[in-house]
Amino acid sequence: MDALEESVLASVWRQGGFAFCQLMRKCRSDPSMAEEAHDLAWEQLHLGDWHQVDCAWRDGYALACVYWAEELRRKGDHAEATRVLDMGLMMGGLAFRPRLNAAISSLSQASEPPSAVRGDDQLTVQVASSTSFFPFVLPPGSLQGPPMRTMAFPSIQKFLQELFAPGVPAILTDTMAHWPAMKKWKDLSYFHKIAGNRTVPVEVGETYLAEGWKQELMTMSRFLDRIYDPGDSTSRAYLAQHPLFDQIPELQRDIVTPDYCACGDGELHSINAWFGPSGTVTPLHHDPHHNLLAQVVGTKYVRLYSPELSDSLHPFSDPMLQNSSQLDLDKPDYERFPLAEKLAFVDCVLGEGQMLYIPPKWWHYVKSLSPSFSVSFWWRSS
């Protein structure tokens with residue numbers, strides 16, 4: 001084992017992971033031990049609150065994934081090896097991420113090309129240009145107020161002074177035309193080719209607040225099939241708020257982090273993918289970070305409420321959901337929540353090539369009006 005591996009095992013040992021360390025050292029002479037080590041680390045990741053899992057165990061899990069995947073590859077099971085490596089990227093620490101990515105790249109080169117995909121592989125679906133279409137699918141009262149402020153490729157100084165500093169949401173246009181994603185991502189066969197055999201976490205159900213909502217792991221190709229045939233709202237699949245670009249660097253090369261994310265001398269917190277069929281909904285909630293929501297493919301409706309209206313939007317009391325509203329905008333119960341009925345809001349239909357700046361703590365509801373791929377950039381200000 002190299003110095004990095006020994007360092008990680010020493011850290012796991014200090015966390016009481018004696019059996020894991022012994023198994024990993026046996027892997028040098030008996031690679032079959034890697035699966036047992038992987039399972040032991042997996043158990044440690046799920047003993048309590050995920051956020052309290054020590055980094056040593058996350059790195060240990062990633063290391064076990066590297067060894068087990070190599071053993072699977074030696075046996076010729078490339079699909080399972082790729083799945084294990086993806087789990088290492090999603091659940092493991094950062095120490096072995098370069099090694100995990102390199103192993104996936106090597107597997108991809110050794111595997112057969114993806115099978116042909118269906119002919120109707122264009123992601124874009126036409127949405128009626130007339131706003132008369134939207135009241136049938138949008139929350140009551142939508143698109144009846146003044147239009148949201150729009151800026152065409154504002155300078156950093158203008159963005160900082162007129163939007164960032166005062167905390168004003170706005171649509172930014174002419175900021176994404178140079179992204180390779182603007183052309184590549186309209187063709188689903190591109191995703192089949194780049195990431196068809198990759199494992200991704202997918203939300204299944206109406207929304208994360210709905211009964212029966214769950215998360216599933218599936219290959220990207222299987223998920224893409226759900227784009228074509230989403231089923232009813234209870235079985236709709238949504239790849240939501242996932243750091244897909246950390247997991248699949250080839251896709252990260254198709255986007256560009258906006259310079260606006262440097263405002264406030266803060267740091268980029270995360271870049272997440274939001275990919276799904278028409279009708280996906282993110283219920284009314286707020287986030288603690290500055291957010292640029294970039295619409296690459298398709299169209300979304302977005303409604304925003306000021307942080308000053310938080311009490312009237314009835315946040316959940318549960319600490320896990322206190323950033324979400326009990327008000328279901330699609331089926332509002334104003335007898336139960338009378339204060340919410342007359343609240344002022346701003347809304348828009350966000351089209352391809354547009355970004356929406358959402359300041360921290362602004363409540364927002366999002367609904368896709370077509371198959372859609374969006375990218376969110378979250379950053380903190382100092």
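Keep in mind the model is a prediction, meaning the values are calculated, not measured.

## As for the side chain of H38
- On the secondary structure map, H38 appears in helix 3 (residues 33-45).
- Given the relative accessible area of 8%, H38 is considered buried.
- Polar contacts involving the side chain of H38 include one to the side chain of D39, which spans 3.0 Å.
- Ignoring sequence-local partners within four residues, the contact set of H38 consists of Y61, A64, C65 and W68.

## Examining the domain arrangement of the chain
- Assigned domains of the chain: these are domain 1 (3-110) and domain 2 (150-380).
- A straight line from the C-alpha centre of domain 1 to that of domain 2 covers 32 Å.
- Taken together, the contact between domain 1 and domain 2 spans nine residues of the former and ten residues of the latter.
- Contact between domain 1 and domain 2 buries roughly 740 Å² in total, counting both sides, with carbon and sulfur atoms accounting for 58%.
- Interface area lost by domain 1 to domain 2 is led by T82, D86 and M90, which between them contribute 50%.
- Across the pair D86 and R198 runs a salt bridge whose closest N-O atoms are separated by 2.6 Å.
- Viewed at the interface, domain 2 and domain 1 are joined by three residue pairs in polar contact (both at pLDDT 80 or more).
- Taken together, the elements giving at least two residues each to the side of domain 1 that touches domain 2 come down to helix 5 (78-91) and helix 6 (97-110).
- When grouped by side-chain class, the residues that make up the side of domain 1 that touches domain 2 number four nonpolar, two polar and three charged.

Here is what the cut-offs are and how they apply
- Residues numbered from 1 in each chain as written.
- Predicted model: local features only at pLDDT ≥ 70, side-chain atom pairs only at ≥ 80, totals over all residues.
- Heavy atoms only, no water.
- Helix = DSSP H or I, 4+ residues; strand = E, 2+ residues; numbered from the N terminus.
- Buried < 20%, exposed > 50% of the residue type's maximum accessible area, 1.4 Å probe, protein only.
- Polar contact = N/O pair within 3.5 Å; in protein donor to acceptor, adjacent residues only side chain to side chain.
- Contact = heavy atoms within 4.5 Å.
- Domains from an automatic or database assignment.
- Buried area = accessible area lost by both parts, 1.4 Å probe.
- Salt bridge = Lys/Arg side-chain N within 4 Å of Asp/Glu carboxyl O.
- Nonpolar A, V, L, I, M, F, W, Y, C, P; charged D, E, K, R; others polar.

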